[in-house]
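Notes for the structure review
Read off the chains here:
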Amino acid sequence: MSENQPQFISTEQLLAHLQWRYAVKKFDPTRKIASADWHVLEQSLILSPSSFGLQPWKFFVINTPEIRKQLVEHSWGQAQVVDASHLVVLALKTGVDEAYVDQFIARTAEVRQTSVEDLAPYAKVIKDFLNRMSPEDLSAWALRQVYIALGQLMTSAAHLGIDACPMEGFVPDQYDQVLGLTEKGYAAGVVCAMGYRDPADPYADYAKVRYTQDQMIEVL
Ligand SMILES: Cc1cc2nc3c(=O)[nH]c(=O)nc-3n(C[C@H](O)[C@H](O)[C@H](O)COP(=O)(O)O)c2cc1C
(Lines give C-alpha, C1' and ligand atoms only; values in the text may rest on other atoms or scores of the structure.)
Protein backbone atom coordinates (compact mmCIF):
# COMPACT_ATOMS: atom_id res chain seq x y z
CA MET A 1 0.00 0.00 0.00
CA SER A 2 1.21 3.52 -0.77
CA GLU A 3 2.69 5.44 2.14
CA ASN A 4 1.07 8.64 0.94
CA GLN A 5 -2.49 8.07 2.05
CA PRO A 6 -4.68 11.08 1.33
CA GLN A 7 -6.86 12.64 3.98
CA PHE A 8 -10.21 10.90 3.52
CA ILE A 9 -13.55 12.52 4.26
CA SER A 10 -15.85 11.15 6.95
CA THR A 11 -18.91 9.01 6.28
CA GLU A 12 -21.05 11.91 7.52
CA GLN A 13 -19.40 14.29 5.07
CA LEU A 14 -19.85 11.90 2.18
CA LEU A 15 -23.55 11.43 2.86
CA ALA A 16 -24.07 15.16 3.43
CA HIS A 17 -22.49 15.93 0.04
CA LEU A 18 -24.61 13.31 -1.71
CA GLN A 19 -27.76 14.66 -0.06
CA TRP A 20 -26.79 18.23 -0.93
CA ARG A 21 -26.49 17.60 -4.64
CA TYR A 22 -29.51 17.51 -6.90
CA ALA A 23 -30.10 17.88 -10.61
CA VAL A 24 -30.22 21.67 -10.90
CA LYS A 25 -32.96 23.04 -13.13
CA LYS A 26 -32.11 26.72 -12.66
CA PHE A 27 -28.51 27.86 -12.50
CA ASP A 28 -27.37 31.30 -11.33
CA PRO A 29 -26.04 32.68 -14.63
CA THR A 30 -23.89 35.26 -12.80
CA ARG A 31 -21.78 32.72 -10.90
CA LYS A 32 -18.79 31.11 -12.59
CA ILE A 33 -16.72 28.16 -11.43
CA ALA A 34 -13.23 29.40 -10.52
CA SER A 35 -10.57 28.14 -12.90
CA ALA A 36 -8.70 26.28 -10.13
CA ASP A 37 -11.89 24.37 -9.27
CA TRP A 38 -12.64 23.75 -12.92
CA HIS A 39 -9.17 22.34 -13.40
CA VAL A 40 -9.87 19.81 -10.64
CA LEU A 41 -13.17 18.81 -12.23
CA GLU A 42 -11.35 18.24 -15.51
CA GLN A 43 -8.94 16.02 -13.62
CA SER A 44 -11.89 14.06 -12.23
CA LEU A 45 -12.93 13.35 -15.82
CA ILE A 46 -9.42 12.36 -16.85
CA LEU A 47 -9.06 10.11 -13.79
CA SER A 48 -12.29 8.23 -14.48
CA PRO A 49 -11.84 4.48 -14.69
CA SER A 50 -12.86 2.59 -17.82
CA SER A 51 -12.87 -0.97 -19.08
CA PHE A 52 -9.22 -2.02 -19.63
CA GLY A 53 -8.41 1.64 -19.00
CA LEU A 54 -9.13 2.30 -22.67
CA GLN A 55 -10.79 5.72 -22.15
CA PRO A 56 -12.97 5.53 -25.27
CA TRP A 57 -14.10 9.12 -24.82
CA LYS A 58 -13.36 12.79 -25.05
CA PHE A 59 -14.87 15.61 -23.04
CA PHE A 60 -15.85 18.74 -24.93
CA VAL A 61 -16.16 21.87 -22.81
CA ILE A 62 -18.40 24.34 -24.56
CA ASN A 63 -17.38 27.85 -23.54
CA THR A 64 -18.55 29.80 -26.59
CA PRO A 65 -21.86 31.53 -25.72
CA GLU A 66 -23.09 31.48 -29.33
CA ILE A 67 -22.61 27.72 -29.56
CA ARG A 68 -24.39 27.24 -26.24
CA LYS A 69 -27.33 29.30 -27.52
CA GLN A 70 -27.45 27.15 -30.63
CA LEU A 71 -27.57 24.00 -28.49
CA VAL A 72 -30.66 25.03 -26.50
CA GLU A 73 -33.08 24.05 -29.25
CA HIS A 74 -31.38 20.65 -29.45
CA SER A 75 -31.66 20.27 -25.66
CA TRP A 76 -35.42 20.21 -25.27
CA GLY A 77 -35.21 23.97 -24.65
CA GLN A 78 -33.45 23.43 -21.33
CA ALA A 79 -31.97 26.71 -20.09
CA GLN A 80 -29.23 25.00 -18.07
CA VAL A 81 -27.30 24.77 -21.34
CA VAL A 82 -26.82 28.55 -21.42
CA ASP A 83 -27.19 29.51 -17.75
CA ALA A 84 -24.66 27.10 -16.24
CA SER A 85 -21.11 28.25 -15.73
CA HIS A 86 -19.72 25.32 -17.70
CA LEU A 87 -21.20 22.85 -20.16
CA VAL A 88 -19.54 19.52 -20.84
CA VAL A 89 -20.48 17.15 -23.63
CA LEU A 90 -19.19 13.73 -22.71
CA ALA A 91 -18.58 12.03 -26.04
CA LEU A 92 -17.78 8.45 -26.90
CA LYS A 93 -15.10 7.51 -29.34
CA THR A 94 -16.57 6.01 -32.48
CA GLY A 95 -14.95 3.02 -34.15
CA VAL A 96 -12.62 1.88 -31.39
CA ASP A 97 -10.32 -0.43 -33.34
CA GLU A 98 -7.00 -2.27 -33.12
CA ALA A 99 -5.09 0.90 -34.01
CA TYR A 100 -6.69 2.58 -31.01
CA VAL A 101 -5.60 -0.30 -28.78
CA ASP A 102 -2.05 0.02 -30.14
CA GLN A 103 -2.10 3.71 -29.29
CA PHE A 104 -3.27 2.90 -25.75
CA ILE A 105 -0.59 0.25 -25.33
CA ALA A 106 2.06 2.71 -26.48
CA ARG A 107 0.82 5.21 -23.90
CA THR A 108 0.87 2.53 -21.18
CA ALA A 109 4.44 1.57 -22.11
CA GLU A 110 5.46 5.22 -21.95
CA VAL A 111 3.81 5.94 -18.58
CA ARG A 112 4.89 2.68 -16.92
CA GLN A 113 8.34 2.68 -18.47
CA THR A 114 7.94 -0.69 -20.07
CA SER A 115 8.04 -1.96 -23.64
CA VAL A 116 5.24 -2.45 -26.13
CA GLU A 117 6.54 -6.01 -26.65
CA ASP A 118 6.06 -6.82 -22.94
CA LEU A 119 2.49 -5.58 -23.19
CA ALA A 120 1.68 -7.62 -26.32
CA PRO A 121 -0.28 -10.35 -24.45
CA TYR A 122 -2.39 -7.66 -22.77
CA ALA A 123 -2.96 -5.98 -26.13
CA LYS A 124 -4.17 -9.27 -27.55
CA VAL A 125 -6.69 -9.78 -24.72
CA ILE A 126 -8.09 -6.30 -25.35
CA LYS A 127 -8.25 -6.74 -29.12
CA ASP A 128 -10.00 -10.11 -28.76
CA PHE A 129 -12.50 -8.52 -26.37
CA LEU A 130 -13.28 -5.70 -28.80
CA ASN A 131 -13.30 -7.89 -31.91
CA ARG A 132 -16.06 -10.04 -30.42
CA MET A 133 -18.39 -7.05 -30.46
CA SER A 134 -20.60 -5.80 -33.28
CA PRO A 135 -20.25 -2.08 -34.11
CA GLU A 136 -23.52 -1.49 -32.21
CA ASP A 137 -22.27 -3.35 -29.15
CA LEU A 138 -19.01 -1.43 -29.34
CA SER A 139 -20.87 1.90 -29.27
CA ALA A 140 -23.03 0.72 -26.38
CA TRP A 141 -19.89 -0.38 -24.52
CA ALA A 142 -18.18 2.97 -25.13
CA LEU A 143 -21.29 4.82 -23.97
CA ARG A 144 -21.30 2.81 -20.74
CA GLN A 145 -17.75 3.99 -20.09
CA VAL A 146 -18.81 7.60 -20.69
CA TYR A 147 -21.48 7.28 -18.00
CA ILE A 148 -18.85 6.24 -15.47
CA ALA A 149 -17.09 9.53 -16.17
CA LEU A 150 -20.39 11.36 -15.74
CA GLY A 151 -20.91 9.79 -12.32
CA GLN A 152 -17.39 10.60 -11.22
CA LEU A 153 -17.75 14.20 -12.45
CA MET A 154 -21.04 14.77 -10.61
CA THR A 155 -19.84 13.26 -7.35
CA SER A 156 -16.56 15.18 -7.51
CA ALA A 157 -18.51 18.40 -8.06
CA ALA A 158 -20.70 17.65 -5.05
CA HIS A 159 -17.61 17.26 -2.86
CA LEU A 160 -16.48 20.72 -3.97
CA GLY A 161 -19.89 22.33 -3.45
CA ILE A 162 -20.36 22.76 -7.18
CA ASP A 163 -23.73 22.04 -8.73
CA ALA A 164 -24.51 19.96 -11.77
CA CYS A 165 -27.33 18.82 -13.99
CA PRO A 166 -26.74 15.60 -15.89
CA MET A 167 -28.67 15.75 -19.15
CA GLU A 168 -29.96 13.13 -21.51
CA GLY A 169 -32.59 15.55 -22.75
CA PHE A 170 -30.80 16.49 -25.94
CA VAL A 171 -30.58 15.29 -29.54
CA PRO A 172 -27.19 13.58 -29.96
CA ASP A 173 -27.13 13.81 -33.78
CA GLN A 174 -27.77 17.55 -33.63
CA TYR A 175 -25.04 18.00 -31.04
CA ASP A 176 -22.66 16.03 -33.26
CA GLN A 177 -23.49 18.34 -36.12
CA VAL A 178 -23.27 21.66 -34.26
CA LEU A 179 -20.02 20.67 -32.53
CA GLY A 180 -18.48 18.89 -35.52
CA LEU A 181 -17.94 15.75 -33.46
CA THR A 182 -18.37 13.15 -36.22
CA GLU A 183 -15.37 14.46 -38.17
CA LYS A 184 -13.34 14.29 -34.98
CA GLY A 185 -14.31 10.62 -34.48
CA TYR A 186 -16.65 11.15 -31.54
CA ALA A 187 -20.37 11.11 -30.81
CA ALA A 188 -22.21 12.99 -28.08
CA GLY A 189 -23.11 10.59 -25.26
CA VAL A 190 -24.42 12.60 -22.35
CA VAL A 191 -24.24 16.22 -21.25
CA CYS A 192 -23.49 17.85 -17.91
CA ALA A 193 -24.24 21.47 -17.06
CA MET A 194 -22.23 22.72 -14.10
CA GLY A 195 -22.14 25.81 -11.94
CA TYR A 196 -24.13 27.14 -9.02
CA ARG A 197 -27.81 26.77 -8.24
CA ASP A 198 -30.05 29.79 -8.42
CA PRO A 199 -31.41 30.31 -4.88
CA ALA A 200 -34.87 30.49 -6.49
CA ASP A 201 -34.66 26.96 -7.94
CA PRO A 202 -37.51 25.15 -6.17
CA TYR A 203 -36.02 21.75 -6.97
CA ALA A 204 -33.32 22.30 -4.33
CA ASP A 205 -35.97 21.79 -1.63
CA TYR A 206 -37.70 18.78 -3.12
CA ALA A 207 -37.28 15.59 -1.12
CA LYS A 208 -35.16 12.97 -2.83
CA VAL A 209 -37.30 10.23 -4.32
CA ARG A 210 -35.47 6.97 -3.82
CA TYR A 211 -36.64 3.44 -3.09
CA THR A 212 -35.91 2.08 0.35
CA GLN A 213 -32.74 0.26 1.30
CA ASP A 214 -34.69 -3.03 1.49
CA GLN A 215 -35.94 -2.56 -2.04
CA MET A 216 -32.60 -1.58 -3.53
CA ILE A 217 -30.01 -3.61 -1.66
CA GLU A 218 -30.28 -7.36 -1.37
CA VAL A 219 -27.66 -9.36 0.41
CA LEU A 220 -27.40 -12.93 -0.82
C1 LIG B 1 -28.25 10.23 -17.22
C2 LIG B 1 -29.17 11.27 -16.68
C3 LIG B 1 -29.85 12.12 -17.53
C4 LIG B 1 -30.65 13.14 -17.03
N5 LIG B 1 -31.23 14.04 -17.90
C6 LIG B 1 -31.83 15.15 -17.39
C7 LIG B 1 -32.23 16.22 -18.24
O8 LIG B 1 -32.08 16.18 -19.45
N9 LIG B 1 -32.79 17.30 -17.65
C10 LIG B 1 -32.96 17.41 -16.31
O11 LIG B 1 -33.45 18.43 -15.85
N12 LIG B 1 -32.60 16.40 -15.48
C13 LIG B 1 -32.02 15.30 -15.98
N14 LIG B 1 -31.60 14.29 -15.14
C15 LIG B 1 -31.79 14.45 -13.70
C16 LIG B 1 -32.67 13.36 -13.08
O17 LIG B 1 -34.01 13.61 -13.36
C18 LIG B 1 -32.37 13.34 -11.58
O19 LIG B 1 -31.02 12.99 -11.41
C20 LIG B 1 -33.25 12.35 -10.84
O21 LIG B 1 -34.59 12.74 -10.88
C22 LIG B 1 -32.83 12.21 -9.38
O23 LIG B 1 -32.88 13.44 -8.72
P24 LIG B 1 -31.60 14.17 -8.10
O25 LIG B 1 -30.48 14.02 -9.10
O26 LIG B 1 -32.01 15.61 -7.98
O27 LIG B 1 -31.29 13.54 -6.80
C28 LIG B 1 -30.83 13.26 -15.64
C29 LIG B 1 -30.15 12.38 -14.79
C30 LIG B 1 -29.33 11.43 -15.28
C31 LIG B 1 -28.54 10.56 -14.32
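Residues numbered from 1 in each chain as written. Predicted model: local features only at pLDDT ≥ 70, side-chain atom pairs only at ≥ 80, totals over all residues. Heavy atoms only, no water.

Turning our attention to the packing of helix H3 (residues 65-72) against helix H8 (residues 172-179). Where H3 meets H8, the closest approach of the two axes is 10 Å, and the angle between their N-to-C directions is 155°. Comparing the axis directions of H3 and H8 gives the class roughly antiparallel. Relative to H8, the crossing made by H3 is right-handed. Listed contacts from H8 to Ile67, Gln70 and Leu71 of H3 are Tyr175, Val178 and Leu179. Each residue belonging to the contact of H3 with H8 can be placed in one class, and the counts come to 5 nonpolar, 1 polar and no charged. (Axes fitted to C-alpha atoms, helices over the stretch in contact; angles between N-to-C directions. Helix = DSSP H or I, 4+ residues; strand = E, 2+ residues; numbered from the N terminus. Parallel < 35°, antiparallel > 145°, perpendicular 65-115°, else oblique. Left-handed = near helix turned anticlockwise from the far one by under 90°. Contact = heavy atoms within 4.5 Å. Nonpolar A, V, L, I, M, F, W, Y, C, P; charged D, E, K, R; others polar.)

Right, let's talk about H3 for a bit. Every buried residue of H3 is listed here: Arg68, Leu71 and Val72. All buried residues of H3 lie within an arc of 110° about the axis, which places them on one face of the element. Looking at H3, the residues exposed on the side facing more than 90 degrees away from the buried face are Glu66 and Lys69. Packing partners of the buried residues in H3 comprise helix H4 (80-83), strand E2 (86-93) and H8. (Buried < 20%, exposed > 50% of the residue type's maximum accessible area, 1.4 Å probe, protein only. Arc of directions from axis to C-beta.)

Attention now goes to the site of the ligand. The ligand sits among 14 residues. The nearest are Arg21, Gln78, Glu168, Lys208 and Arg210. In the model, an oxygen atom of the ligand is placed 2.9 Å from a nitrogen or oxygen of the Ala23 main chain. Here the ligand has 620 Å² of accessible area as a free molecule, and 66% of this is covered by the chains. With 3 residues, strand E3 (residues 163-167) is the largest single contributor of residues to the shell around the ligand. In terms of residue class, the shell around the ligand is made up of 6 nonpolar, 3 polar and 5 charged. (Near = heavy atom within 4 Å. Polar contact = N/O pair within 3.5 Å; in protein donor to acceptor, adjacent residues only side chain to side chain. Areas by Shrake-Rupley, 256 points an atom, 1.4 Å probe, with all protein chains shown as cover.)

To describe a pair of aromatic rings, one takes the distance between the centres and the angle between the planes. One pass over the structure, following the stated rule, counts 7 aromatic pairs. For the pair Phe129 and Trp141, a centre-to-centre distance of 6.1 Å together with 70° between the ring planes defines the contact as edge-to-face. Here the residue Phe129 occupies a position in helix H6 (residues 120-131), and Trp141 occupies one in helix H7 (residues 135-159), the gap between them amounting to 12 residues. Three or more aromatic residues joined by ring pairs form one cluster here, namely Phe52, Tyr122, Phe129 and Trp141. Lying across the ring of Tyr203, Lys25 places its NZ or CZ 5.1 Å from the centre. It is Arg31 that lies over the ring of Tyr196; its NZ or CZ is 4.0 Å from the centre. (Phe/Tyr/Trp six-rings, centres within 6.5 Å; stacked < 30°, edge-to-face > 60°. Lys NZ or Arg CZ within 6 Å of the ring centre and 35° of its normal.)

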